[in-house]
Amino acid sequence: MATDKAKVRAEIDHLRETIRHHDERYYVLSEPEISDYEYDELMNRLRKLEEAHPELISPDSPTQRVAGRPAEGFPEYRHRVPMLSLDNSYSVEELKEWDQRVRRGAGREIIEYVAELKVDGLSISAIYKNGVMTKGVTRGDGTIGEDVTPNVRTIRSLPLSIRREAFQLPSGAGKKRRREHDGPAADLGLISMEDEIEVRGEVYLPAEEFRRLNAERAEQELPPFANPRNAASGTMKSLDARVVAGRKLDVFCYDVLVDGRKPLATHWGALDRLARAGFRVNPTRALCSSIEEVMAFCEKMGDERDDLGYEIDGVVVKVNSTALQEELGSTSKAPRWAVAYKYPPRQATTILRDITVQVGRIGTLTPVAELEPVLLAGTTVSRASLHNEDQIRRLGVMIGDYVLIEKAGEIIPQVVKVIESKRTGRKAELRPFVMPRHCPACGEEVVRLRGEVAWRCVNSACPAKIRAGLKLFASRRAMRIEGLGEALIEQLVSPRIDYDDEGKPILAKDGEPVKKAPLVADFADLYHLKRHRDELIALERMGEKSADNVLAQIDESRDNDLARLIYGLGIRHVGERTAQILAGAFESVDELMEASEEQLAEIFEIGPVVAESIHEWFHEPRNRELIGRLKEAGVNTERKSTGEAAAAGERRNFEGKQFVLTGKLEGFTRDGAKELIERRGGRVTSSVTKKTDYVVVGDDPGSKLDRARELGIMTLDETAFRELLGG
Ligand code: IVH
């Protein structure tokens, strides 16, 4: 018995070590060694063993990243060393003045600086005791932060434990921790695992994850986050760690303290040490021997800002020598040895010409700002989201106002505020916005449900709702019926004019043409369109070829996997990820349809609100009938095994390969190309490094192409890429 237990313990230890190794390869180094499938197998095995032997679960086990239950609130945490802020400089002159102050203060002409990217997120501190992460804390006011440990633990690139040997400094000076002056990164002293190790860094949401999250929120008719920083900080303060785990926050570490002191002689050395210890440190950084070199870095990064895959708002410049940092000291707010060089924000001012109202999939009325077109970060902007009536009230915005708009994370811009000063003398040009009491699409009265901010059209036959539902169903992430675009959907859901044998419209007594029911009233109707091929061909901008194309795509979509179907149904709160979780937990739509609210809520990562929404949807008789008709039409409603999915044409010939995309491709959208790569087992990353296998080059490539040439990485034009994809 005892030996059995020892065996289990040994296997658990081995699995944990292996998983930690692969976590680092994947999340920190972007250099995976095994497939996601193999990784999941390891994780499943470990979970199973821990379930059978709960006494062997330890807090740093990879299975313990996500806590199961929402927290009640966050306790306060007093920082051992205050987390200071930074002074800003907005121009080259200000940067030069700061350099002069530093040189004067140091009494030296030549100072070494480290230039780092100022990633736009929120700063956190992770505290390790005996090598294990015990706390994760926000900055708060710099003195007192919030203990958000369960949330910080979900950041996959942040190790839950530090490998002893990885963080060990070369011995020699024993435990005495004295530093030399400004020498090379001569590490003095031995960090013992008994010391408290504090690692600080910036938590952020990658641009792509930000886009995904906002698209998901839009589908659920929730107001999107204004920018990745708000999204990251809102996420970090969520009381439910499962929500946090579902949003892929990441971190760049930029500082380390041991028992409250900087352990290394230089900042550059500290960054290097952190990276070697398995922490994610931004590879884009520069060791500069003059402020001119710093300025060159700032300029270069200003040009490359759009290609990073995350938002930055400037560059942080720090004095490299730890001793000199101490000598220069800090004010109560910010250190004198560091400064933030800020880039201009991506904002513009324009006139709000009108506010129109859109009707979404579940009937939500969304006000949209119609703007005087204005150039913003390279594109002309003429519309911006206003989210809902409350938001309009909060902003106090009137039609005719000058407004400040902001674009962050490469998405639709947002109205940030009204320029009040431009109202003077223009009162007559302004008029308030009034939310319509009737649906602009179908004319039915709209309702505002208790506890909700949104007005809704509850008419299930509202054409705007049907259109929006079909758009999601056909979308690339759902059933992938690419030929079913907005223009075609519009025609399919509109009532049809009836014609006589001579091709003349049949008129009713009042002289109006007789209208027949639309070709499509719900998803299931799509699968009977074949019978109406002639009518389809006769539609505007269709023709035989496009009609057959769409019909073939609809046909093919019958074989999609369960997750795509569940997502495509458009159940409120069920985004792509939740759909995948549900498809993993249930064998079929039938099984899911019969699940109780309690059963649903028990599923890991599914909260009570989502459970209720799913349960409600499947208990609506109209929806149950729809599922029956989809099944009758031959649409797959069951989970497929991995083998089947592979047989369905998903060749995983890019397994372990890393791609970078640059420039505009003719035949693919960026998301489309990415998906094709990922379906074959490859990964798409945002910057070109030694580990990149292929750079796919479209029109107008950016600096990534130069970088690829510099590193001798294989580049593919669109034709070569197509060939690699298999024609
Ligand atoms: S150093 C005393 N380094 O900028 C040193 N901060 O405006 C203070 N930030 O609160 C922090 N990237 O949230 C540092 N590479 C970086 C940073 C960085 C982003 C943020 C951080 C800080 C704020 C100060």
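Look above for the structure.
Residues numbered from 1 in each chain as written. Predicted model: local features only at pLDDT ≥ 70, side-chain atom pairs only at ≥ 80, totals over all residues. Heavy atoms only, no water.

S.K.: Could you clarify how one ought to interpret the overall build of the chain in this entry?
M.R.: The helix and strand inventory of the chain stands at 27 helices and 24 strands. The C-alpha atoms of the chain give 29 Å as radius of gyration, which agrees with the globular expectation for 727 residues (27 Å, within 12%). With the C-alpha coordinates of the chain rotated into their principal frame, the extents come out at 100 × 85 × 55 Å. Buried positions account for 49% of the 727 residues belonging to the chain. Considering only intrachain contacts with a sequence separation of at least 6, the fraction spanning at least 24 residues in the chain is 68%. One finds the centroid of the 110 positive side-chain charges in the chain at a distance of 4 Å from the centroid of its 123 negative side-chain charges. (Helix = DSSP H or I, 4+ residues; strand = E, 2+ residues; numbered from the N terminus. Rg over C-alpha atoms; globule rule 2.2 N^0.38 Å. Buried < 20%, exposed > 50% of the residue type's maximum accessible area, 1.4 Å probe, protein only. Contact = heavy atoms within 4.5 Å. Lys, Arg positive; Asp, Glu negative; His and termini not counted. Charge placed at Lys NZ, Arg CZ, Asp CG, Glu CD.)

S.K.: Would you mind going over the site of the ligand with me for this structure?
M.R.: Inspection of the region around the ligand gives 13 residues, with Glu 116, Lys 118, Ser 123, Glu 202 and Lys 318 positioned closest. At 2.5 Å from an oxygen atom of the ligand is found a side-chain nitrogen or oxygen belonging to Glu 202. In the environment of the ligand, a nitrogen atom lies 2.9 Å from a nitrogen or oxygen atom belonging to the side chain of Lys 318. A total of 520 Å² of accessible area belongs to the ligand in isolation, and the protein chains cover 88% of it. Counting only elements with at least two residues in the shell around the ligand, the list comes to β3 (113–119) and β10 (312–319). The greatest single-element share of the shell around the ligand, amounting to four residues, is contributed by β3. (Near = heavy atom within 4 Å. Polar contact = N/O pair within 3.5 Å; in protein donor to acceptor, adjacent residues only side chain to side chain. Areas by Shrake-Rupley, 256 points an atom, 1.4 Å probe, with all protein chains shown as cover.)

S.K.: How should the packing of aromatic side chains be read in this particular structure?
M.R.: Centre-to-centre distance and the angle between the planes together describe a pair of aromatic rings. Taken as a whole and judged by the stated rule, the model has 12 aromatic pairs. Consider the rings of Trp 98 and Tyr 113, whose centres lie 5.2 Å apart with planes at 40 degrees: the pair is tilted. Pair noted here: Trp 98 is in helix α3 (residues 92–106) and Tyr 113 is in strand β3, with a separation of 15 residues, a long-range link. By the burial criterion, Trp 98 is buried, and Tyr 113 matches it. (Phe/Tyr/Trp six-rings, centres within 6.5 Å; stacked < 30°, edge-to-face > 60°.)

S.K.: Hey, could you run me through the side chain of Thr 266 in this one?
M.R.: The topology assignment puts Thr 266 in the loop between β8 (250–258) and α9 (267–276). One polar contact links the side chain of Thr 266 to the main-chain amide nitrogen of Gly 269, over a distance of 3.0 Å.

S.K.: What is the right way to read the sheet that holds strand β5 (residues 132–138) from this model?
M.R.: Within a beta sheet, neighbouring strands are joined by backbone hydrogen bonds and run either parallel or antiparallel to one another. The four strands are arranged β5-β4-β7-β8 in an open sheet whose pairing can be described as antiparallel. In the strand order of this sheet, the two ends are held by β5 and β8, each with one partner. Each strand of the sheet is rotated relative to its neighbour by a mean of 25 degrees, with strand direction disregarded. Sheet strands in contact with α9 are β7 (197–204) and β8, and its direction is about 120 degrees off that of β8. (Pairing = 2+ DSSP bridges. Axes fitted to C-alpha atoms, helices over the stretch in contact; angles between N-to-C directions.)

S.K.: Sorry if this is basic, but what is going on with a negative patch on the surface here?
M.R.: A grouping of Glu 597, Glu 598, Glu 602, Glu 612 and Glu 616 is seen on the molecular surface, where their side chains present a negatively charged patch. At the level of secondary structure, the elements contributing two or more residues to the negative patch comprise α21 (597–602) and α22 (608–618). It is α21 that contributes the most residues to the negative patch, three residues altogether. Of the residues examined, Glu 602 reaches a relative accessible area of 67% and is grouped as exposed. (Patch = residues over 30% accessible without salt bridge, like charges linked within 9 Å, V, L, I, M, F, W, Y side chains within 5 Å. Salt bridge = Lys/Arg side-chain N within 4 Å of Asp/Glu carboxyl O.)

S.K.: Could you clarify how one ought to interpret helix α10 (residues 291–304) in this entry?
M.R.: Think of an α-helix as 3.6 residues a turn; residues three or four steps apart then line up on the same face. End to end, α10 covers 20 Å across 14 residues, agreeing with the expected 20 Å (1.5 Å per residue, within 8%). The secondary structure elements touched by the buried residues of α10 are α3, β3, β9 (285–288), β10 and β11 (338–342). (Expected span 1.5 Å × (residues − 1).)

S.K.: Got a minute to help me understand the packing of α3 against α10 in this structure?
M.R.: Running from N to C, α3 and α10 point in directions that differ by 145 degrees, and their axes come no closer than 10 Å. Pair α3 / α10 crosses with right-handed handedness. For the pair α3 and α10, the contacting residues are Val 92, Leu 95, Lys 96, Trp 98 and Asp 99 in the first and Ile 291, Val 294, Met 295 and Cys 298 in the second. Here the residues of the contact of α3 with α10 are counted per class, giving seven nonpolar, no polar and two charged. (Left-handed = near helix turned anticlockwise from the far one by under 90°. Nonpolar A, V, L, I, M, F, W, Y, C, P; charged D, E, K, R; others polar.)

S.K.: It is not clear to me how the pattern of salt bridges should be interpreted in this structure. Could you clarify?
M.R.: In a structure, side chains of opposite charge can pair up when their charged atoms sit close to one another. A complete count under the given rule lists 59 salt bridges for this structure. Between Asp 60 and Arg 20 there is a salt bridge, with the nearest N and O atoms lying 3.3 Å from each other. Highlighted residues: Asp 60 in the loop between α2 (36–52) and β1 (76–78) and Arg 20 in helix α1 (residues 2–28), separated in sequence by 40 residues. Put simply, Arg 533 and Glu 544 hold a salt bridge, and the shortest N to O gap is 3.3 Å. Within this pair, whereas Arg 533 is found in helix α16 (residues 533–538), its partner Glu 544 is found in helix α17 (residues 543–557), the two being separated by 11 residues in sequence. Arg 533 sits in the partly exposed class, given a relative accessible area of 27%. Three or more residues joined by partner-sharing salt bridges are found here, namely Arg 80, Lys 129, Glu 196 and Asp 259.

S.K.: Would you mind going over helix α14 (residues 486–493) with me for this structure?
M.R.: Within the span of α14, buried status applies to Leu 488, Ile 489, Leu 492 and Val 493. The arc that holds every buried residue of α14, seen down its axis, measures 120 degrees, which confines them to one face. (Arc of directions from axis to C-beta.)

S.K.: Just to check I follow, could you spell out the pairing of β5 for this structure?
M.R.: On a regular strand, each side chain points to the face opposite its neighbour's, so the side chains alternate between the two faces of the sheet. As paired elements, strand β4 (residues 122–129) and β5 share six bridges and run antiparallel to each other. Along β5, the bridge assignment pairs Ile 124 with Thr 138. The antiparallel hairpin formed by β4 and β5 contains two residues in its connecting segment, where Asn 130 sits at a positive phi of about 50 degrees.

S.K.: So what exactly am I meant to see when it comes to the sheet that holds β10 here?
M.R.: The five strands are arranged β2-β11-β10-β3-β9 in an open sheet whose pairing can be described as mixed. The outermost strands of the open sheet, each flanked by one partner alone, are β2 (88–89) and β9. As paired strands, β3 and β10 are joined by seven bridges and run antiparallel to one another. Following the sheet pairing, Lys 118 is matched in β10 by Gly 314. α3 contacts β2, β3, β10 and β11 of the sheet and is inclined by roughly 170 degrees relative to β11.

By themselves, these observations are geometric and do not establish any function.
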